[in-house]
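# Residue-level structure breakdown
Given next are the chains, with one letter for each unit.
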Amino acid sequence: METKDVILELRTKNKLSQDELAEKIHVTRQAVSRWETGGTIPNTETLKLLSKLFGVSINTLLGSPRKLICQCCGMPLDDTTMSKETDGTFNEEYCKWCYAEGKFTYTNIEKLIDFCAEHMANENWPVEQARAYFEEMLPKLHYWQQPK
Ligand SMILES: [Zn+2]
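Note that the structure is a prediction, hence the values are computed from the model and not measured.

## Some details on the overall build of the chain
When helices and strands are counted, the chain shows 8 helices and 4 strands. Each helix and strand of the chain, ordered N terminal to C terminal, gives the series α-α-α-α-α-β-β-β-β-α-α-α. Its C-alpha radius of gyration of 19 Å places the chain more than 25% over the 15 Å reference for a compact globule of 148 residues. Sequence-distant contacts, at least 24 apart, represent 43% of the contacts inside the chain between residues at least 6 apart. Carbon and sulfur atoms make up 52% of the accessible area of the chain, which totals about 9200 Å². One finds the centroid of the 18 positive side-chain charges in the chain at a distance of 5 Å from the centroid of its 22 negative side-chain charges.

Written out as structure tokens, the structure is:
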């Protein structure tokens, strides 16, 4: 779905007219109309306001061009698993389990590997194989590459 369709769908789902949406995010009705016909896309500041107003991530507003994964544990992210900042805005880098209330849950990669291996292992994926997978994958994610 393209941005224009996403905005149109969110606006109508929330029962807002173009005028009402424009007023809420401090733009003109013409601007809203241009987004919905695909003439322009909202700028970064406006995307943030739309994200907050509709409770969807900026990635969703842009038509989900990026496949997001948590940069701490590697799980795929959507608007229901994505973390939020304490002001309610989405943090599109992390899942809500790794980053909650403005704080990171894991500071020790060994602990996270233990946790993931135990929870993700199943009858088709023995725990040693799961562990090997997470030991390989997790250190490549941004969070674990930053100096602590
Ligand atoms: Zn995570």
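Moving on from the model shown.
## Some remarks on helix H4 (residues 44–54)
Residues of H4 that are buried include every one of Thr 46, Leu 47, Leu 50, Ser 51 and Phe 54, and no others. Within H4, the buried residues cover an arc of 145° as seen down the axis, which keeps them to one side. Its buried side turned inward, H4 meets helix H1 (3–13), helix H2 (18–24), helix H3 (29–37), helix H5 (58–61) and strand E2 (90–95). By the N-cap criterion, in which a side-chain oxygen at the helix start approaches the backbone nitrogen of a residue two or three places on, H4 is capped by Asn 43, the distance to Glu 45 being 3.3 Å. Downstream of H4 by one or two residues, Gly 55 has phi in the positive range, about 70°.

## Points about the nonpolar core
A general tendency of soluble globular proteins is for nonpolar side chains to be buried together. Cys 70, Cys 72, Cys 98, Leu 112, Phe 134, Leu 138 and Trp 144 are the most contacted members of the largest nonpolar core, which has 24 residues in total. By residue number, the principal contributor to this core is helix H6 (residues 109–120), which donates 5 residues. Once residues within four sequence positions are removed from consideration, Cys 72 is found in contact with Tyr 94, Cys 98, Tyr 106, Leu 112, Leu 138, Leu 141, Tyr 143 and Trp 144. Counting residues in each nonpolar core, the second largest holds 15 residues, with Ile 7, Leu 16, Ala 22 and Phe 54 among its members.

## So, the domain arrangement of the chain
Assigned domains of the chain: these are domain 1 (3–61) and domain 2 (71–148). The C-alpha centroid of domain 2 is placed 31 Å from the C-alpha centroid of domain 1. Taken together, the contact pairs 8 residues of domain 1 with 6 residues of domain 2. A buried area of about 510 Å², summed over both sides, lies between domain 1 and domain 2, and 48% of it is on carbon and sulfur atoms. Among the residues of domain 1 in contact with domain 2, Lys 52, Gly 55 and Ser 57 are the three that bury the most area, contributing 62% of the side total. Here domain 1 and domain 2 share 0 salt bridges between them. Viewed at the interface, domain 2 and domain 1 are joined by 5 residue pairs in polar contact (both at pLDDT 80 or more). Elements supplying a minimum of two residues to the side of domain 1 that touches domain 2: H4 and H5.

Conventions and cut-offs
- Residues numbered from 1 in each chain as written.
- Predicted model: local features only at pLDDT ≥ 70, side-chain atom pairs only at ≥ 80, totals over all residues.
- Heavy atoms only, no water.
- Helix = DSSP H or I, 4+ residues; strand = E, 2+ residues; numbered from the N terminus.
- Rg over C-alpha atoms; globule rule 2.2 N^0.38 Å.
- Contact = heavy atoms within 4.5 Å.
- Areas by Shrake-Rupley, 256 points an atom, 1.4 Å probe, with all protein chains shown as cover.
- Lys, Arg positive; Asp, Glu negative; His and termini not counted.
- Charge placed at Lys NZ, Arg CZ, Asp CG, Glu CD.
- Buried < 20%, exposed > 50% of the residue type's maximum accessible area, 1.4 Å probe, protein only.
- Arc of directions from axis to C-beta.
- Polar contact = N/O pair within 3.5 Å; in protein donor to acceptor, adjacent residues only side chain to side chain.
- Core = buried A, V, L, I, M, F, W, Y, C linked by side-chain atoms within 4.5 Å.
- Domains from an automatic or database assignment.
- Buried area = accessible area lost by both parts, 1.4 Å probe.
- Salt bridge = Lys/Arg side-chain N within 4 Å of Asp/Glu carboxyl O.

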